[in-house]
Amino acid sequence: MVETPPFFYFANPKYAVWAATHNYVQDSAGPEVILANHVAPAYGVITTQTCDLGEVDFDPPTRPWISISPAYNMINLDGSTRALIKKGKGPLHLLHLPKLGGDATELWVVDLRIEFPVEKSWLVGRTPIAGFANERDQRSVVRRLELLRCRPSWADAVVEVVQRVLMTELKSLKASDKSRYDAVVNQIEEIGGRSNSMLDPSFIQLAAFCHEQPTDAVRDWWEMVNDLIRDAGSQVGLTAQQPVIELLPDCPVTRYRQFEPVPLTRYSPQ
């Protein structure tokens, strides 16, 4: 990690998508490079692979650039979302930086939606900052980037049927039965799907991957949601097969790889 990284991007404030772009200037004449000092992060996480960063075996070096993602203190998030982020869940693009911040008033996360190029010369004279206490936590960056960049592309029917039902029911459960919601998002580690085709499927089977046997309340919710998915799928010619629950400690790799991640934003129904 590094302190006070530069933050810039190209946008057209006239058609702003991000609120910060809209607030930047409301009478912009058109597309421009925005030096985002108004939302400049206190810290940044270098997402460039270590070998490409150091290039110790290259003479001369051939990769002059690094990529940096901004890190923010997001204590304003609601309590349950903060708890999920600390457990490595929550929105996929937000990753907890446990070594930053020393009390409950801080929750430092890196926003992996954003990466901006910086020449390596900017690093000269700067002291690296450790955002993680150990190698296991460091590898969480690798795993999250891998997950974000390797997400499969599902057909619109799967997105509409599976994602919409799952996210709607999670949001409803969070509002109506918080304790059961917490049990669902903590006991179900991943949800995967397999089909005869990802782009033109006629059927889909869902699997809930868990580290241990889920409680009856979680099983009942999982079966209820799949009943709704089955009904929704029948309206668009997508057959939902019997769902399964797989225990990760006992699940062969060949079985696990039969299922692709479904298009969920890791239990973030906001």
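From a predicted model like this one, the values you see are computed outputs, not experimental measurements.

Parameters at a glance
- Residues numbered from 1 in each chain as written.
- Predicted model: local features only at pLDDT ≥ 70, side-chain atom pairs only at ≥ 80, totals over all residues.
- Heavy atoms only, no water.
- Helix = DSSP H or I, 4+ residues; strand = E, 2+ residues; numbered from the N terminus.
- Buried < 20%, exposed > 50% of the residue type's maximum accessible area, 1.4 Å probe, protein only.
- pLDDT = per-residue confidence, 0-100.
- Contact = heavy atoms within 4.5 Å.
- Expected span 1.5 Å × (residues − 1).
- Salt bridge = Lys/Arg side-chain N within 4 Å of Asp/Glu carboxyl O.

Colleague: I would appreciate a short explanation of unusual backbone geometry in the present structure.
Modeller: Residues other than glycine predominantly adopt negative phi, and peptide bonds predominantly adopt the trans conformation. Positioned with a positive phi, Thr4 is a non-glycine residue whose angle comes to about 40°. Tracing the sequence through the fold places Thr4 in the loop between strand S1 (2-3) and strand S2 (8-11). Even without being a glycine, Glu55 presents a positive backbone phi close to 45°. For Glu55, a relative accessible area of 4% puts it in the buried group.

Colleague: Sorry, what's going on with the confidence of the model for the chain here?
Modeller: The predicted structure's coordinates, where accompanied by low pLDDT, should not be read in detail. For the chain, per-residue confidence averages 87 on the pLDDT scale, and 96% of positions sit at 70 or higher. In this model residues 265-270 is a low-confidence stretch, pLDDT under 50, and it forms 29 contacts with partners more than four residues away in sequence or in other chains.

Colleague: I would appreciate a short explanation of helix H5 (residues 156-176) in the present structure.
Modeller: If you check H5, its first and last C-alpha atoms are 29 Å apart, about what 21 residues at 1.5 Å a residue would give, namely 30 Å. Among all positions of H5, only Val158, Val161, Val162, Val165, Leu166, Met167, Glu169, Leu170, Leu173 and Lys174 are buried. Where H5 is buried, its residues contact helix H3 (79-86), helix H6 (178-187), strand S9 (190-195), strand S10 (203-210) and helix H7 (216-234).

Colleague: Would you mind going over the pattern of salt bridges with me for this structure?
Modeller: Opposite charge on two side chains makes pairing possible when the charged atoms of those side chains draw close. Overall, the coordinates contain 11 salt bridges when judged by the stated rule. The shortest N-O distance in the salt bridge between Asp111 and Arg113 comes to 2.7 Å. Ionic pairing is found between Arg149 and Glu115, a salt bridge with its closest N-O pair at 2.4 Å. Of this pair, Arg149 sits in helix H4 (residues 135-149) while Glu115 sits in the loop between strand S7 (108-111) and strand S8 (116-119), and the two are 34 residues apart along the sequence. One salt-bridge network, in which partners are shared between bridges, spans Asp52, Glu55, Arg63 and Lys120.

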